[in-house]
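Listed below are the residues making up each chain.
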Amino acid sequence: MYSSITPLEIRQKEFEKGFRGYEKEEVDAFLKSLSQEWERMIGEYKNLEEKYRRAEEDVDKLREVESSL
């Protein structure tokens, strides 16, 4: 299972401004990059999860064939 933090939440995250704080543009660019990578990782996870499910189904079918022999 993946985290409940979404790419959109990462993109929309706001930080308080403080004295001598970080460069807003740099933080925004990093959050955008992070959200894109997070989105890619979620997609990859879902893809792997589906492959695993199909592999489990294949194993179940092979076990049925094996038990019928």
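A brief report on the enclosed structure follows. (Residues numbered from 1 in each chain as written. Predicted model: local features only at pLDDT ≥ 70, side-chain atom pairs only at ≥ 80, totals over all residues. Heavy atoms only, no water.)

**Quick notes on the overall build of the protein**
- Within the protein one finds two helices and zero strands.
- Rg of the C-alpha trace for the protein: 21 Å, well past the compact-globule value of 11 Å for 69 residues, more than 25% over.
- By its C-alpha atoms, the protein is 75 × 15 × 15 Å across when sized along the principal axes.
- Split by element, the accessible area of the protein, about 6,700 Å² in all, is 56% carbon and sulfur. (Helix = DSSP H or I, 4+ residues; strand = E, 2+ residues; numbered from the N terminus. Rg over C-alpha atoms; globule rule 2.2 N^0.38 Å. Areas by Shrake-Rupley, 256 points an atom, 1.4 Å probe, with all protein chains shown as cover.)

**As for the environment of Arg53**
- Looking at the secondary structure, you find Arg53 in helix α2 (residues 24-68).
- Judged by its relative accessible area of 37%, Arg53 falls in the partly exposed class.
- There is a polar contact of 2.2 Å between the side chain of Arg53 and the side chain of Glu57. (Buried < 20%, exposed > 50% of the residue type's maximum accessible area, 1.4 Å probe, protein only. Polar contact = N/O pair within 3.5 Å; in protein donor to acceptor, adjacent residues only side chain to side chain.)

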